[in-house]
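# Reading the structure
Here are the chains, one letter per residue:
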Amino acid sequence: MATGTASEQERLRSDAARNRARLVSAARTAFAELGADAPFAEIARRAGVGTATLYRRFPTREDLLEFVFEDRIQDCAATVDAYLAQAQVDPWGAFSGYIRDLFALQREDRAFSTVLLGSFPGSSRMEHERQRAMTGLTALVNAAHAAGVLRTDFQVGDIELLLRAHDGVLAHTDRSGAASEQLSVLLLDGCRVSGMA
């Protein structure tokens, strides 16, 4: 009897692990295609589970977004560290390169901007990495200002405007198309000090 009970518990744990993996995979694709407001019912349907199962595993949308995006935001924070090193010799290249990387992440995933610009519980690892990325962005802006290559009226908060403008274009065009690249050029050109080559 005890062996059967242990075996049943192991089966339930395996089922729960499989359900969780299916939910996370379905959430990744749904968020990428539909944005951060992708309906929970749609995510559950794609995962082949009931909505109640999704809510048991992830009681809030923030819980699910945090679980799905933690690695991506961590990569985003690590990337900004590399650009900070580059900023010592090429401040404009570092600033514009990182903005282009953010635009690329937006093309890959419609929910990315919402997650990067949002906020999560202060003690979470996700919030720590998000804040690290934003602190790095501030340092890149400061380095570009100090070098005289970034418009003096450009503020860190304007990065949200750049991302939202890019999101707007992506919402109405092919996400991998020329419109995204053209807007990237125009937005960055508008940020640079006039007359800079």
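Relevant structure appears above.
Scope of this entry: the structure provided in the associated data block. (Residues numbered from 1 in each chain as written. Predicted model: local features only at pLDDT ≥ 70, side-chain atom pairs only at ≥ 80, totals over all residues. Heavy atoms only, no water.)

As a further point, take the nonpolar core. Counting residues in hydrophobic clusters, the biggest one holds 54 residues, and the most contacted among them are Phe-31, Ile-43, Phe-95 and Leu-102. Of all the secondary-structure elements, those providing two or more residues to this core are helix 1 (2-34), helix 2 (40-47), helix 4 (61-87), helix 5 (91-108), helix 6 (112-117), helix 7 (125-146), helix 8 (158-170) and helix 9 (178-191). Dropping the residues within four chain positions of it, Phe-95 is found in contact with Val-141, Ala-144, Leu-150, Phe-154, Leu-188 and Cys-191. (Core = buried A, V, L, I, M, F, W, Y, C linked by side-chain atoms within 4.5 Å. Buried < 20%, exposed > 50% of the residue type's maximum accessible area, 1.4 Å probe, protein only. Helix = DSSP H or I, 4+ residues; strand = E, 2+ residues; numbered from the N terminus. Contact = heavy atoms within 4.5 Å.)

Between helix 5 and helix 9, the shortest axis-to-axis distance is 11 Å and the interhelical angle comes to 145°. The crossing of helix 5 and helix 9 is right-handed. Contacts between helix 5 and helix 9 involve Trp-92, Phe-95, Ser-96, Ile-99, Arg-100, Phe-103 and Arg-107 from the former and Ser-180, Glu-181, Ser-184, Val-185, Leu-187, Leu-188 and Cys-191 from the latter. A per-class count over the contact of helix 5 with helix 9 returns eight nonpolar, three polar and three charged. (Axes fitted to C-alpha atoms, helices over the stretch in contact; angles between N-to-C directions. Left-handed = near helix turned anticlockwise from the far one by under 90°. Nonpolar A, V, L, I, M, F, W, Y, C, P; charged D, E, K, R; others polar.)

None of the figures reported here should be taken as evidence of function without further support.
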